[in-house]
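The residues making up each chain are set out below.
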Amino acid sequence: MPPHRLAAFAKQLLTAALHVPEKSAAAVLGTLCQATKLHAGRLSALFHTEERRGDGVFDPLRGDAEGSNPFATTVWEGELLRLHYSPKVREALGTIYKNVRADG
């Protein structure tokens, strides 16, 4: 899978996790957890601010995922989800960060 498509998908999942109820957020983060297990190397640039590779602006509403420029941004949604009231959501986010850190 192309890294730009994977990164755009990850950003969209994290944004969606901010807007759905607790159980849905845990399920969305579970999907992202599986993706980070398989593709941690391709997604690590999103989670580390010093590894930003893109120039320009991230456009999540663009029709094609590759053209949305996902590497021009970072995972700021993770900082909000760390403060989530649900321990399941916080735990799933912690697993995502562990997966990305283990590869990087």
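Just so we're clear, the structure is a prediction, and the values are computed from it rather than from any experiment.

A. Summary view of the overall build of the protein. In terms of regular secondary structure, the protein is built from 4 helices and 0 strands. Along the chain direction, N to C, the helices and strands of the protein fall in the order α-α-α-α. The C-alpha radius of gyration of the protein comes to 13 Å, within 12% of the 13 Å expected for a compact globule of 104 residues. By principal-axis analysis of the C-alpha atoms, the protein measures approximately 35 × 30 × 25 Å. Per-residue burial over the protein gives 42% buried out of 104 residues. Taking contacts inside the protein between residues at least 6 apart in sequence as the whole, the part at least 24 apart equals 62%. Summed over its atoms, the accessible surface of the protein is roughly 6000 Å², and 54% of this surface lies on carbon and sulfur atoms.

B. Summary view of helix 2 (residues 22–47). When the terminal C-alpha atoms of helix 2 are compared, their 22 Å separation across 26 residues is substantially less than the 38 Å that a helix rising 1.5 Å per residue should span. Maximal helix bending in helix 2 amounts to about 105°, located at Ala40.

C. Focus on the nonpolar core. One finds Leu14, Leu29, Leu32, Leu43, Leu46, Phe47 and Leu81 to be the most contacted residues of the largest nonpolar core, which totals 25 residues. No other element matches helix 2, which puts 10 residues into this core. Excluding residues that lie within four positions of it along the chain, Phe47 makes contacts with Leu14, Val75, Ile96, Tyr97 and Val100.

D. Highlighting unusual backbone geometry. With phi around 60°, Asn69 is a residue other than glycine that occupies positive phi space. Residue placement: Asn69 occurs in the loop between helix 2 and helix 3 (77–81).

E. Fine view of the confidence of the model for the protein. Looking at the protein, the pLDDT average stands at 85 and 90% of residues meet or exceed 70. By mean pLDDT, the top-scoring element of the protein is helix 2 (91), and the lowest-scoring one is helix 4 (residues 87–103) (89).

F. View of the packing of aromatic side chains. Counted under the stated rule, the structure contains 1 aromatic pair. Consider the rings of Phe47 and Tyr97, whose centres lie 5.4 Å apart with planes at 85°: the pair is edge-to-face. Of this pair, Phe47 sits in helix 2 while Tyr97 is found in helix 4, placing the two residues 50 residues apart along the sequence. By the burial criterion, Phe47 is buried, and Tyr97 matches it.

G. Region of the structure containing the side chain of Ser44. Residue placement: Ser44 occurs in helix 2. In this structure the side chain of Ser44 is engaged in a polar contact, spanning 3.3 Å, whose partner is the backbone oxygen of Gly41.

Criteria and thresholds
- Residues numbered from 1 in each chain as written.
- Predicted model: local features only at pLDDT ≥ 70, side-chain atom pairs only at ≥ 80, totals over all residues.
- Heavy atoms only, no water.
- Helix = DSSP H or I, 4+ residues; strand = E, 2+ residues; numbered from the N terminus.
- Rg over C-alpha atoms; globule rule 2.2 N^0.38 Å.
- Buried < 20%, exposed > 50% of the residue type's maximum accessible area, 1.4 Å probe, protein only.
- Contact = heavy atoms within 4.5 Å.
- Areas by Shrake-Rupley, 256 points an atom, 1.4 Å probe, with all protein chains shown as cover.
- Expected span 1.5 Å × (residues − 1).
- Bend = angle between axes of the 7 residues up to and from the residue.
- Core = buried A, V, L, I, M, F, W, Y, C linked by side-chain atoms within 4.5 Å.
- pLDDT = per-residue confidence, 0-100.
- Phe/Tyr/Trp six-rings, centres within 6.5 Å; stacked < 30°, edge-to-face > 60°.
- Polar contact = N/O pair within 3.5 Å; in protein donor to acceptor, adjacent residues only side chain to side chain.

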